[in-house]
Every structure is written in structure tokens, then in C-alpha cells.
Amino acid sequence: MPFLVRFLLRHAAIGVGVAAVFVALLAAFDVAHLGTLFATSSDGPLALVVLTLALGVTFGSVQMGFAVMLMSDKDEPPRGRRIRLTRLVPRLARVHAGR
């Protein structure tokens, strides 16, 4: 499997794991009575699964985005043509005001 695919899958799994921990903490601390809803309602387990999947997609995407944006490319050689900057000298430009 290519390196970038493994890299993205690893970070997506980290995001899904963080989402699972987050949902577990929401249920354990009964934030907005979610823990009670999960325990007492007949659709509680379904709500728990849907919330976990939705947050897993969100947190996984955010983690992959962070990982990609924080990648360094110092081990790659520079590509393209190098532009050599010379000394910049200001020049006067004549402007005529017209009405």
C-alpha cells in the first residue's frame, strides 16, 4: 500500500478513535441528558451508533486535514525553475493628470 494511503488511513483511524472517546465521555457525564437517552430509550443504541459514526467522519476528516497540512516537504528536492532575485532599484514614472 502506498505511503500516503497508509498515512491518511492511520490519521483517519486516530480521528475516529477520538470521536469514540468523545461520545463515551458525553454519555458518561450525561451531557444534555444524552446518557439517559441512550440508556432508557428503545432507540438509544441506534442514536449512540449514529452519533458515533457522524462524529467519527467529522473528527477523522479533521485529523486527516491537520496531518496533511502539518506535513513537511523538506526531504523532497525543490522542483521547477529557480528565480534569482536581483537588487531592486526604484524608478521614477511620469504621470500626467488629466481632467
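Note that the structure is predicted; figures quoted are calculated from it, not measured.

What counts as what
- Residues numbered from 1 in each chain as written.
- Predicted model: local features only at pLDDT ≥ 70, side-chain atom pairs only at ≥ 80, totals over all residues.
- Heavy atoms only, no water.
- UniProt positions renumbered as here; feature names shortened; annotations may be inferred.
- Helix = DSSP H or I, 4+ residues; strand = E, 2+ residues; numbered from the N terminus.
- Expected span 1.5 Å × (residues − 1).
- Contact = heavy atoms within 4.5 Å.
- Axes fitted to C-alpha atoms, helices over the stretch in contact; angles between N-to-C directions.
- Parallel < 35°, antiparallel > 145°, perpendicular 65-115°, else oblique.
- Left-handed = near helix turned anticlockwise from the far one by under 90°.
- Nonpolar A, V, L, I, M, F, W, Y, C, P; charged D, E, K, R; others polar.
- Buried < 20%, exposed > 50% of the residue type's maximum accessible area, 1.4 Å probe, protein only.

Student: So what exactly am I meant to see when it comes to the UniProt feature "transmembrane region" (unreviewed entry) in the chain here?
Tutor: UniProt marks residues 12-34 and 46-72 with the feature "transmembrane region" (unreviewed entry), using the numbering shown here. Helix makes up 78% of residues 12-34 and strand makes up 0%, while its end C-alpha atoms are separated by 25 Å.

Student: Would you explain helix α3 (residues 44-69) in this entry?
Tutor: For the α-helix, the turn length of 3.6 residues means that residues three or four positions removed from each other point alike. With 26 residues, α3 extends 37 Å from end C-alpha to end C-alpha; this agrees with the ideal 38 Å at 1.5 Å per step. Of the surrounding secondary structure, the elements contacted by the buried residues of α3 are α1 (3-28) and α2 (34-40).

Student: Looking at this structure, how should I read the packing of α1 against α3?
Tutor: To characterise two packed helices, one gives the angle between the axes of the helices and the distance between these axes. Interaxial distance between α1 and α3 falls to 7 Å at its minimum, and their mutual angle equals 135°. By the criterion of interaxial angle, the relationship of α1 to α3 is oblique. Crossing hand, α1 versus α3: right-handed. Among the residues forming the contact of α1 with α3, the class breakdown is 18 nonpolar, six polar and no charged.

Student: I would appreciate a short explanation of unusual backbone geometry in the present structure.
Tutor: With the exception of glycine, the majority of residues adopt a negative phi angle, and the majority of peptide bonds are in the trans configuration. Unlike most non-glycine residues, Asp-30 shows phi in positive territory, near 55°. The topology assignment puts Asp-30 in the loop between α1 and α2. The class of Asp-30 is partly exposed, set by a relative accessible area of 27%. If you check the backbone angles, His-33 has positive phi at about 60° while not being a glycine. Tracing the backbone through its elements, the reader meets His-33 in the loop between α1 and α2.

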